[in-house]
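Here are the chains, one letter per residue:
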Amino acid sequence: MIGRLILTYPDAARRTGVFVILALITLAIYGLGVSPAWIGRVLPTASDWLAANPALARLIGAMMIASIAAVNWKALRQLPRSFQVVGVWIELFVLLMLFFYSFDLSFAFIAKKVGFLISQGVVTTLYISVISIAVATVIALVGAIAKLSKNGVIYGLATFYTSLFRGLPLLMQIYIIYLGLPQVGYVISAVPAGILALSLCYGAYMTEIFRAGIESIPRGQTEGATALGLSPSQTMGLVILPQAMRVIIPPTGNQFIAMLKDSSLVSVVGVWELMYLARTQGQTEFRHIEMLITASMIYWILSVGLEFLQSRIEARFGRFNVR
Amino acid sequence: MPTSIDMATSEIALRGVHKWYGRYHALDDINLLIAPREKVVICGPSGSGKSTLIRCINRLEAHEQGDITVGGVELGEDDRKVDAVRREVGMVFQQFNLFPHLTILENCILAPMWVKKMPRKQAIEIAMHYLGRVRIPEQANKYPGQLSGGQQQRVAIARALCMNPKVMLFDEPTSALDPEMVKEVLDTMVALANDGMTMICVTHEMGFARQVADRVIFMDRGRIVEEGEPEEFFARPKTERASLFLSQLLH
């Protein structure tokens, strides 16, 4: 019945649909209890009326937000695709900044501390992450080859390793390495303990990524290389891995970004990386939220950098697929 | 010619070779001598063990019983001997197995440079020579994905030839090709045969077998059921299984 109506009056149906969606959004915003106080700030003369009719004001406020969103949607639709993307990014970024601005932050305090956050915190975070990423990649490569081995001992070692280090929370691993190794007579300081834990944990995750990447290359490639007389290690290094990289890089990039942020867990053993400083620098003047937001933004900027790097590397390894 | 070969003069010798996949008897008592410069075509229904047989000759598959000797080297667990055999035996596959991340030229110089430790310049010279012989030197800097199936298979032949092998194995080289591309590949193989290469070819191209083969081997259920000169085999197959198989071919 409704289907037939839509088919017979497509234009009317479309308009009704838009109206229903708008109404639903309005109701949702109303239901969430979004305050209409912002109208008063934009239009001071309305504030008395708003205070007198709270329920109606909330509904009108919700309707206004819904229609602003709709107008915005229509406006963005007029633009070419690349401008739409940039437009959405700018709008959402501005909203995010307004959200932070609403906390009434002391920018003077941020400006005073941000230099130290970068020179001490970012530098430590970056060097812990970079070393861990490098070590994890080597572990992952060895682990993946071990997991594909016909040798039962090697396979057993590899599966136990991945199972254990994927199965324990990273926070626990950091504690166990930092507090546990001295028990067997090997005293380890905080930074190496953190790097070791991050490398082992991410090495275990990436072992699975590498293994899947290697297995995604058809058997014929190995056979072709073997028939030409290439040794197993030459086959792996010259034929299989360069092709597997295309499959390996996107999820590995993901892991790198995740590790950058998980390196914050190392702060629990007192390493002066970004997260540790963000928690401690604000304490003296009770300016916690300033430091946390600043650190968050720095993490985000670093992640964007990694995303950019990932897309560059992907393009490089994907080039033979271009026809 | 086949009857006159003995162990001493043969290029390839298989004696009492067996292979199992689990409980499936893939090769059942294979005895085969192949003379230098001989051209052998192997045919038979699918699952008869043709591919397994030639894949045992460069040990892509390991046999479980019997002896396989190639150019006087016996294949076994010894990796150095296996490497020595693989250097002398080129192989062309049904699915080409070109390396898609390397250009045509890089595909051809990879093994000479890494296996034979040949200088890059010399490897390129040799590669361009063989790419010329298969009549695609102008494609040298393209990637395999940019070539037609027939061209890719000709590159695969050139790539194998760059190692200067004594023996070439062909595992259904035209089965994955569009019909109009079969001829260009077969022509390349005929030219190779005329140069005196020892060739073992699994194929159902009976025209090619008639034109080139010294001997046709018919396999069924892992055994060599019948062998003979092509004219004789195609005109008067001795076994019922072979005549049934030939009657089902379109030619």
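Residues numbered from 1 in each chain as written. Chains lettered and ligands numbered in written order. Predicted model: local features only at pLDDT ≥ 70, side-chain atom pairs only at ≥ 80, totals over all residues. Heavy atoms only, no water.

Visitor: Sorry, what's going on with the overall build of chain B here?
Guide: For chain B, the helix and strand inventory stands at nine helices and ten strands. In terms of overall size, chain B behaves like a compact globule, its C-alpha atoms giving a radius of gyration of 18 Å where 251 residues would be expected to give roughly 18 Å. Projecting the C-alpha coordinates of chain B onto the three principal axes gives extents of approximately 50 × 45 × 35 Å. Here chain B holds 251 residues, and 57% of them are scored as buried. Long-range contacts, defined here as pairs at least 24 residues apart, represent 66% of the contacts in chain B between residues at least 6 apart. Carbon and sulfur atoms form 48% of the exposed surface of chain B, whose accessible area is close to 11100 Å². When the 30 basic and 33 acidic side-chain charges of chain B are each reduced to a single mean position, those positions are 4 Å apart. (Helix = DSSP H or I, 4+ residues; strand = E, 2+ residues; numbered from the N terminus. Rg over C-alpha atoms; globule rule 2.2 N^0.38 Å. Buried < 20%, exposed > 50% of the residue type's maximum accessible area, 1.4 Å probe, protein only. Contact = heavy atoms within 4.5 Å. Areas by Shrake-Rupley, 256 points an atom, 1.4 Å probe, with all protein chains shown as cover. Lys, Arg positive; Asp, Glu negative; His and termini not counted. Charge placed at Lys NZ, Arg CZ, Asp CG, Glu CD.)

Visitor: What is the right way to look at the packing of aromatic side chains in this model?
Guide: The relation between two aromatic rings is expressed through the spacing of the ring centres and the mutual angle of the planes. Inspection of the entire model under this criterion finds twelve aromatic pairs over all chains. Within the aromatic cluster, the residues linked to one another by ring pairs are Phe218, Phe233, Phe234 and Phe245 of chain B. Over the ring of Tyr30 of chain A we find Arg58 of chain A, and its NZ or CZ is 4.4 Å from the ring centre. Against the face of Phe99 of chain B rests Arg159 of chain B, its NZ or CZ located 4.4 Å from the ring centre. (Phe/Tyr/Trp six-rings, centres within 6.5 Å; stacked < 30°, edge-to-face > 60°. Lys NZ or Arg CZ within 6 Å of the ring centre and 35° of its normal.)

Visitor: How do you make sense of the pattern of salt bridges when you look at a structure like this?
Guide: When the charged atoms of two side chains lie near each other, side chains of opposite charge can form a pair. All names here are of chain B. One pass over the structure, following the stated rule, counts 23 salt bridges over all chains. Taking the shortest distance from any N to any O, the salt bridge between Glu88 and Lys166 comes out at 3.6 Å. In this pair, Glu88 is assigned in helix α2 (residues 79-88) and Lys166 in the loop between α5 (149-161) and β7 (167-171), connecting sequence segments 78 residues apart. For Asp195, the salt bridge goes to Arg133, with nearest N and O atoms at 2.7 Å. (Salt bridge = Lys/Arg side-chain N within 4 Å of Asp/Glu carboxyl O.)

Visitor: Sorry if this is basic, but what is going on with the interface of chain B and chain A here?
Guide: In many reports, interface size means the accessible area that the parts give up when they come together. With 23 residues of chain B in contact, the opposing surface of chain A contributes 20 residues. With both chains or domains summed, chain B and chain A bury close to 1900 Å², and 63% of this area falls on carbon and sulfur atoms. At the surface where chain B touches chain A, the tally comes to one salt bridge. As a salt-bridge pair, Arg55 of chain B and Glu223 of chain A come within 2.6 Å of each other at their nearest N and O atoms. On inspection of chain B and its partner chain A, the count reaches six residue pairs in polar contact (both at pLDDT 80 or more). Those elements that provide at least two residues to the side of chain B that touches chain A are β6 (89-92), α3 (104-114) and α5 of chain B. (Buried area = accessible area lost by both parts, 1.4 Å probe. Polar contact = N/O pair within 3.5 Å; in protein donor to acceptor, adjacent residues only side chain to side chain.)

Visitor: Before we go on, may I ask you to explain empty space enclosed by the protein in this structure?
Guide: The method is simple in principle: a probe with the dimensions of a water molecule rolls over the atoms, and the space it marks as empty is what remains. Summed over all chains, the structure comprises one cavity of 30 Å³ or more. The space that makes up the largest cavity amounts to roughly 50 Å³. Looking at the largest cavity, the residues that line it are Ala227 and Leu228 of chain A together with Arg86, Arg87, Val89, Gly90, Met91, Ala160, Met163 and Pro165 of chain B. Broken down by secondary-structure element, the contributors of at least two residues to the lining of the largest cavity are α2 and β6 of chain B. (1 Å grid on protein atoms, 1.4 Å probe; cavity = no way out; pocket = protein on both sides within 12 Å on 5 of 7 lines; lining within 4 Å. Points joined across faces, edges and corners; volume = space filled by probe spheres on them.)

Visitor: Sorry, what's going on with the confidence of the model for chain B here?
Guide: Note that predicted coordinates carrying low pLDDT should not be read in detail. On average, residues of chain B score 92 in pLDDT, and 97% of them are at 70 or above. Predicted complex metrics record ipTM = 0.91 and pTM = 0.80. (pLDDT = per-residue confidence, 0-100.)

Visitor: Where do I start with the state of the cysteines in this structure?
Guide: All names here are of chain B. Summed over the entire model, instances satisfying the criterion amount to zero disulfides over all chains. Here Cys43 is not disulfide-linked; the sulfur of Cys201 is the nearest cysteine sulfur, at 11 Å. Here Cys162 is not cross-linked by a disulfide; its sulfur's nearest cysteine counterpart is in Cys108, at 4.5 Å. Judged by relative accessible area, Cys162 falls into the buried class, the value being 3%. (Disulfide = S-S within 2.5 Å.)

Visitor: Please clarify how the pairing of strand β1 (residues 12-21) of chain B should be interpreted in this entry.
Guide: Each regular strand carries side chains that alternate between the two faces of the sheet. All names here are of chain B. Bridge count between β1 and strand β2 (residues 24-34): seven bridges; the pairing is antiparallel. In the strand pairing of β2, Lys19 is matched with Leu27. Between β1 and β2, which pair antiparallel in sequence order, lie two residues; one of them, Gly22, sits at a positive phi of approximately 65 degrees. (Pairing = 2+ DSSP bridges.)

Visitor: What should I look at first to understand the environment of Ile12 of chain B in this one?
Guide: Residues and elements named next belong to chain B. With respect to the helices and strands, Ile12 occurs in strand β1. The exposure class of Ile12 is buried, given its relative accessible area of 0%. Taking the C-alpha atoms as reference points, Ile12 and Ser247, separated by 235 residues in sequence, lie 31 Å from one another. Non-local contacts of Ile12, meaning those with residues more than four positions away in its chain, are made with Leu32, Leu33, Ile34, Ile57, Thr69, Val70, Val167 and Ile200.

Visitor: How should the sheet that holds β6 of chain B be read in this particular structure?
Guide: Working definition: the strands of a sheet are paired by backbone hydrogen bonds and lie parallel or antiparallel to each other. Residues and elements named next belong to chain B. The six strands lie next to each other as β6-β7-β8-β3-β9-β10, forming an open sheet whose pairing is mixed. Each edge of the sheet is formed by a strand with only one pairing partner; in this case those strands are β6 and β10 (223-228). On average, each strand axis in the sheet is tilted by 20 degrees relative to the strand beside it, whichever way the strands run. On the sheet, helix α6 (residues 179-194) packs against β3 (39-43), β7 and β8 (198-202) and is oriented at approximately 150 degrees with respect to β8. (Axes fitted to C-alpha atoms, helices over the stretch in contact; angles between N-to-C directions.)

Visitor: Looking at this structure, I do not really get the sheet that holds β2 of chain B. What am I missing?
Guide: Taken in spatial order, the four strands make up an open sheet running β2-β1-β4-β5 (chain B), and their pairing is antiparallel. Taken across any chain shown, the strands that pair with only one partner, and hence form the sheet edges, are β2 and β5 (73-74) of chain B.

Visitor: Even after reading the chapter, I still don't get the packing of α5 of chain B against α6 of chain B, so can you show me in this structure?
Guide: Helix-helix packing is characterised by the crossing angle of the two axes and by the distance between the axes. All names here are of chain B. Close contact between α5 and α6 brings their axes to 8 Å; oriented N to C, the two are set at 20 degrees. It follows from the interaxial angle that α5 and α6 lie roughly parallel. Between α5 and α6 the crossing geometry is right-handed. Taking contact as the criterion, the partners of Gly149, Gly150, Gln151, Gln153, Arg154, Ile157 and Leu161 in α5 are, on α6, Met181, Glu184, Val185, Thr188, Met189 and Leu192. Across the contact of α5 with α6, the residue classes tally to six nonpolar, five polar and two charged. (Parallel < 35°, antiparallel > 145°, perpendicular 65-115°, else oblique. Left-handed = near helix turned anticlockwise from the far one by under 90°. Nonpolar A, V, L, I, M, F, W, Y, C, P; charged D, E, K, R; others polar.)

Visitor: Hey, could you run me through the pairing of β8 of chain B in this one?
Guide: Residue and element names in this part refer to chain B. Buried residues dominate β8, accounting for five of its five residues. By the alternation rule, side chains of β8 split into Thr198, Ile200 and Val202 and Met199 and Cys201, which are all buried. By the bridge criterion, four bridges tie β3 to β8 in an arrangement that is parallel. The residue of β8 that forms the bridge with Lys39 is Met199. Sheet analysis places β7 next to β8, joined by five bridges and oriented parallel. Residue pairing in the sheet places Val167 in a bridge with Thr198 of β8. In this region the chain leaves β7, passes through α6 and returns to the parallel neighbour β8; the handedness of that crossover is right-handed. (Right-handed = clockwise from strand over helix to strand, strands pointing away.)

Visitor: Please clarify how the layout of surface pockets should be interpreted in this entry.
Guide: Within this model, the largest pocket holds a volume of roughly 1300 Å³. Surrounding the largest pocket, 31 residues form its lining, Lys150, Arg219, Thr222, Thr226 and Pro232 of chain A being those nearest its centre. Within the residue set of the lining of the largest pocket, elements represented by two or more residues are α7 (107-147), α10 (190-215), α11 (219-227) and α12 (232-262) of chain A together with α2 of chain B. Counting residues per element, the lining of the largest pocket draws most heavily on α12 of chain A, which supplies five residues.

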